[in-house]
Amino acid sequence: MNYTYVTVPEGERITMDSNGTLKVPNYPVIPFIEGDGTGTDIWKASVRVFDAAVKKVYGESRKISWMEVFAGAKSFSLFRDTMGDKAWLPDETVTAFREFLVGIKGPLTTPIGGGIRSLNVALRQLLDLYVCLRPVRYFQGVPSPVKKPEDVDMVVFRENCEDIYAGIEWMTGTDECEKFKNFLLNEMGVDKIRFPDSSSFGVKPISRQGSERLVRAAIVYAIKHKRKSVTVVHKGNIMKYTEGAFKDWGYMVASSEFRHQIVTERESWILDNKDRNNSISVEENSRMIDPGFDMMSQTQKKSIYQEVEAALSLMPTHGAGRWKKFLLIKDTIADITFQQVLTRAKEFDVVATMNLEGDLLSDALAAQVGGIGIAPGANINYMTGHAIFEATHGTAPKYASLDKVNPGSMILSGVMMFEYIGWQEAADLITNSIDRTIGQKRVTYDFERMMQGATLLSCSGFADALIDNM
């Protein structure tokens, strides 16, 4: 495509072949959005780290051809006269991410007033980046509010395109809201709206296709990276046909597509009971996995019997303890999850969850290991190959151009990008350098104020230290 506002550098496009494999040239063109507020400082620091790592590992045989594209306040100030409100997110920017497949971005200002409510959400939806990938791990020495932050080593797969973040909502007092309210009350017979005349409304779409592709991606990731479990986090005890369906569809895709690689938690109980007592009956096994079994109706008991019999049919492949080597698929209710990631962090590995819970859980976990200033993120469509890696924090405009803030989130998002395109050596070099630099207590202000004997570094100074430690 010919671009009007974007300068395309020399280099080649990353592509995906018919088998779903990324084809990455030695000189890939990668679009980037500098970001607003502190984005300028963070990007300048981060790109030096990226380029230094690539050169250190690959010499001149590989190099990123960076291509600036525009969004947010910087874009609006440059193009508002020619584009109007579309200058917040120009069509060329979306086209560039679509054409060149893999990109990276800094934090963006959300425009005030009408139009696009969130540029980040808009990019995710326009490119159908259905996975928000948030790995959370601890770097030794980082200040933490919990006693054992080293127990946190999780990867959150957050659904990106559905749930209440789809943005289907109406403000009370509008004609649209009144129409929707009347439909609920008069057509659907809804009688559970406590204050209908002053209520705003939002719709929470959860689809089978959206649920399956998210959980599928989480399982593929877990198997590829030799993780121990995938936990489906939901609020299905209350929202049975949305969150509950998400959980059920997750289990269905796991057992139908990965049968010889996974075991569900309840299957593991049934198989373990059989391994310990080969003569155990189906009824006894049912009673052991469901404490309320004796209070169930005959229909409910029959369902448990069928579940036990189905699990026992796996004995030839999963019995005699073999199930312990398979990926464990389990689920937890969202509210207890927030407690258990604090008290039993080691029990969680890969997590698959819907949009809202994933948003909350990702930042809560980040707080346990040092905050979102060092928390990376990515938005990925594993079927098309499109991916945008991003700093997960906001623009922090009061710190803009002060060369002060921690660039860790952007740098670690770049690590994720290198891993995604298969440049693992560059990713490992940066990760090891971060570990070493923080271990030396050479850090930015957010960590220095909580670390005894630390050396205060600027944003650019932290990048210098990382490069020195490569």
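The coordinates are above.
Analysis parameters
Residues numbered from 1 in each chain as written. Predicted model: local features only at pLDDT ≥ 70, side-chain atom pairs only at ≥ 80, totals over all residues. Heavy atoms only, no water. Helix = DSSP H or I, 4+ residues; strand = E, 2+ residues; numbered from the N terminus. Rg over C-alpha atoms; globule rule 2.2 N^0.38 Å. Buried < 20%, exposed > 50% of the residue type's maximum accessible area, 1.4 Å probe, protein only. Contact = heavy atoms within 4.5 Å. Areas by Shrake-Rupley, 256 points an atom, 1.4 Å probe, with all protein chains shown as cover. Lys, Arg positive; Asp, Glu negative; His and termini not counted. Charge placed at Lys NZ, Arg CZ, Asp CG, Glu CD. Pairing = 2+ DSSP bridges. Axes fitted to C-alpha atoms, helices over the stretch in contact; angles between N-to-C directions. Salt bridge = Lys/Arg side-chain N within 4 Å of Asp/Glu carboxyl O. Parallel < 35°, antiparallel > 145°, perpendicular 65-115°, else oblique. Left-handed = near helix turned anticlockwise from the far one by under 90°. Nonpolar A, V, L, I, M, F, W, Y, C, P; charged D, E, K, R; others polar. Phe/Tyr/Trp six-rings, centres within 6.5 Å; stacked < 30°, edge-to-face > 60°. Lys NZ or Arg CZ within 6 Å of the ring centre and 35° of its normal.

### Thoughts on the overall build of the protein chain
A tally of regular secondary structure across the protein chain gives 17 helices and 17 strands. Taken over C-alpha atoms, the radius of gyration comes to 25 Å for the protein chain, in line with the 23 Å a tight globule of 470 residues would show. Within the protein chain, the fraction of its 470 residues that count as buried is 51%. Counting only contacts in the protein chain whose residues sit at least 6 apart along the sequence, the fraction spanning at least 24 positions is 73%. Total accessible area computed for the protein chain in this model is approximately 22300 Å², and 51% of it derives from carbon and sulfur atoms. Each charge sign in the protein chain was given a centre, from 54 positive and 59 negative side chains, and these centres are 5 Å apart.

### A few points about the sheet that holds strand β12 (residues 327–333)
Taken together, the eleven strands give an open sheet; going across it, the order is β4-β3-β5-β15-β14-β6-β7-β13-β10-β12-β11, and neighbouring strands pair in mixed fashion. Every other strand in the sheet has two partners, leaving β4 (65–68) and β11 (262–264) as the edge strands with one partner each. The sheet shows a mean angle of 25° between the axes of neighbouring strands, direction not considered. When strand β5 (residues 102–105) meets strand β15 (residues 387–391), the two strands line up parallel, connected through four bridges. Within β15, the residue paired with V102 across the bridge is A387.

### Let's talk about the environment of D359
Locating D359 in the fold gives a position in helix α13 (residues 355–368). For the pair D359 and R158, spaced 201 residues apart in the sequence, the C-alpha separation amounts to 7.2 Å. Aside from chain neighbours lying at most four places away, what touches D359 is R158 and Y165.

### A short note on the pattern of salt bridges
Here the idea is simple: oppositely charged side chains can pair when their charged atoms come close. Inspection of the entire model under this criterion finds 30 salt bridges. Among the salt bridges present, the one from R137 reaches D435, with a minimum N-O distance of 3.4 Å. With R137 in strand β6 (residues 131–137) and D435 in helix α15 (residues 424–439), the pair connects residues that are 298 residues apart, well separated along the chain. Overall, D435 belongs to the partly exposed group, its relative accessible area being 27%. Between K181 and D197 there is a salt bridge; the shortest N-O distance is 3.1 Å. Placement of K181 in helix α5 (residues 175–187) and of D197 in the loop between α5 and β9 (201–202) is noted, with a sequence separation of 16 residues between them.

### What about the packing of helix α8 (residues 265–276) against helix α9 (residues 282–289)?
In contact at an axis separation of 10 Å, α8 and α9 are set at 130° when each is read in the N-to-C sense. As summarised for this structure, α8 and α9 are arranged oblique, according to the angle between their axes. Crossing of α8 over α9 shows right-handed handedness. In this structure, α8 uses R266, W269, I270, N273 and K274 to contact α9, whose residues at the interface are N285, M288 and I289. Considered class by class, the residues forming the contact of α8 with α9 number four nonpolar, two polar and two charged.

### Concerning the packing of aromatic side chains
One pass over the structure, following the stated rule, counts 18 aromatic pairs. Judged by centre distance (4.5 Å) and plane angle (10°), the rings of F76 and W88 are stacked. Of this pair, F76 sits in helix α2 (residues 72–83) while W88 sits in the loop between α2 and α3 (91–100), and the two are twelve residues apart along the sequence. Three or more aromatic residues link up through ring pairs in this structure, and these residues are F32, W43, F50, Y58, W66, F418 and W423. Over the ring of Y58 we find R62, and its NZ or CZ is 4.4 Å from the ring centre. Just above the ring of Y445 sits the side chain of K404; from NZ or CZ to the centre is 4.7 Å.

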